[in-house]
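Chains, contacts and geometry: an overview
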Amino acid sequence: MKKFLCVLLLLYLAVPSYADSDITVAELHGTVGVQMEEFVKEVIMSSSNADLIIFELDTPGGLVDAMRGIVQAILSSQVPVAVWIPPGGRAASAGAFIVQAAHIAAMSPGTNIGAAHPVTAGGENVPEGDMNRKVMNDLKAQMRSVVQMRGRNQDIAERMIEESISLTATEALKAGVADVIAGDIPALIKAVSGRRIRTGQHHANLNLEGEILLRRAGMSFSERIIQFVSSPEIAYLLLSGGIMAIFFEVITPGGFMLGTVGGIMLLLGSIGLKMLPFNWAGIVLIIAGIIVMAVDMIAGTMGVLSLVGLPVFCLGGIFLFRAPGGELLQISVSVIIGIAVSLGICFGLVAYLVVKGLRRKVATGQQGMIGLEVQAVNSGQVMCHGEIWNARAEDGVLKAGESGTVKAMDGMTLIVATDDDYDLDDFEGL
């Protein structure tokens, strides 16, 4: 019996076994910020038993501090991490660092990586001087350390920062800053299976065999909202629109819709600001620009002050995110100008409607009666707007059949200016 059991054990060990492969896939789309950093750390921590983590990255860049946090989380991961740029995506600016930190740097055909030159939040180059050198040297050192650890091309990686070069998938693979080109997840898994991966101090082959179990990890609804509003352009739009809506609610009281919408927009915008390195000077400029345009509307200066307020409003958007930590936060000035002009047009339209409403003739109450046409039915009453009113003429004499116009009211009695040229008594013989 013992010999028989030993033979069965040897046969079992001799037959190759294929264990299921557990792979976690998570999307990283949008601005690199605090919410993306927290999500990456959460995915890595919850995937400790996975064989591979694949991050689908599509980003225009973002915050330096958030990028460093994501890079550190990937470097510390005991599970191999592949960062893959999906079709139509890009890994620009801060995204280039994240790709280089991955154990496997993968791209789809038609994608690009690079353009990691540091800029201010307004999109301009960091001013020449000590600050420029400090920022450049710091980012270059981080890129070198990451690329050295992964065995990729240091020269090309540094040129992404110094010269802001951007490479296609084919160019990146040829230059040694990408490891794999794959058009979809199955092709990526097939391409990386069997590769030797270093995690921490250990090297191991990435054997993805047997049944592949893909587990999608996604942000919750609240996390998606935070990720959305933490985009600089969206935060700027929400902040500006919220301030405008509340302002119009103040000058046109009686409703609640504008105030409610404005409050919600300000709340969401403040959440975005909390996730971004904002500058109080930008907020002050935005408010100042709106106030100047509001004064133009109230004073009726025919848009003269708005020509000053709108540029101030634009400057507020440019300076809003000009703060430490946003060196890789590329915001297009054209986007800010477009948002400002669009909001300016909306401001002008609403201002026109408000002014038109304020100047509109009152149609109710005593003021609404002034100027209405009347027809006398007898010496003391007139027909006005389908109703019989007590009335008297301005000269005290009101004849039946006379027509006139309401000039004033004395209690519930109309004071009528008669039209002497239109007296029905004069035309009885016709």
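First, a word on scope: everything that follows refers to the structure included in this document. (Residues numbered from 1 in each chain as written. Predicted model: local features only at pLDDT ≥ 70, side-chain atom pairs only at ≥ 80, totals over all residues. Heavy atoms only, no water.)

Focus on the overall build of the protein
Secondary structure assignment for the protein yields 15 helices and 16 strands. Within the span of the protein, comprising 430 residues, buried residues form 44% of the whole. Contacts in the protein between residues at least 24 apart in sequence constitute 66% of all its contacts with a sequence separation of at least 6. Roughly 22,200 Å² of accessible area belongs to the protein as shown, and the carbon and sulfur atoms make up 61% of that amount. (Helix = DSSP H or I, 4+ residues; strand = E, 2+ residues; numbered from the N terminus. Buried < 20%, exposed > 50% of the residue type's maximum accessible area, 1.4 Å probe, protein only. Contact = heavy atoms within 4.5 Å. Areas by Shrake-Rupley, 256 points an atom, 1.4 Å probe, with all protein chains shown as cover.)

Quick look at the sheet that holds strand β7 (residues 166-168)
Spatially, the three strands line up as an open sheet ordered β4-β6-β7, and their pairing is mixed. Two strands in the sheet have a free side with no partner beyond their single neighbour: β4 (90-92) and β7. Each adjacent strand pair in this sheet contributes to an overall mean axis angle of 20°, direction not counted. Bridge analysis of β4 against strand β6 (residues 112-114) gives three bridges, and the strand direction is parallel. Residue pairing for β6: Ala91 is matched across the bridge by Ile113. Sheet contacts for helix α4 (residues 94-101): β4 and β6; angle to β4, the most-contacted strand, approximately 110°. (Pairing = 2+ DSSP bridges. Axes fitted to C-alpha atoms, helices over the stretch in contact; angles between N-to-C directions.)

Quick notes on the sheet that holds strand β2 (residues 52-58)
Spatially, the six strands line up as an open sheet ordered β8-β5-β3-β2-β1-β11, and their pairing is parallel. Each edge of the sheet is formed by a strand with only one pairing partner; in this case those strands are β8 (180-181) and β11 (212-217). Both strand β5 (residues 104-107) and β8 contribute to a ladder of two bridges, which runs parallel. Note that in β8 the partner of Ala106 across the bridge is Val180.

Quick word on the pairing of strand β14 (residues 387-393)
With four bridges connecting them, strand β13 (residues 381-384) and β14 associate as antiparallel partners. Paired with Val382 across the two strands is Trp389, which belongs to β14. The antiparallel pairing of β13 with β14 creates a hairpin that spans two residues between the two strands, and His385 there sits at a positive phi of about 60°.

Quick look at unusual backbone geometry
For Ser93, which is not glycine, the phi torsion reads 55° and is therefore positive. Backbone geometry places Ser164, a non-glycine residue, at a positive phi of 55°. For Ser164, the location among the structural elements is in the loop between α6 (154-162) and β7. Under the relative-accessibility criterion, Ser164 is labelled partly exposed at 32%.

So, to be careful, I would describe these as geometric facts and stop short of saying anything about function.
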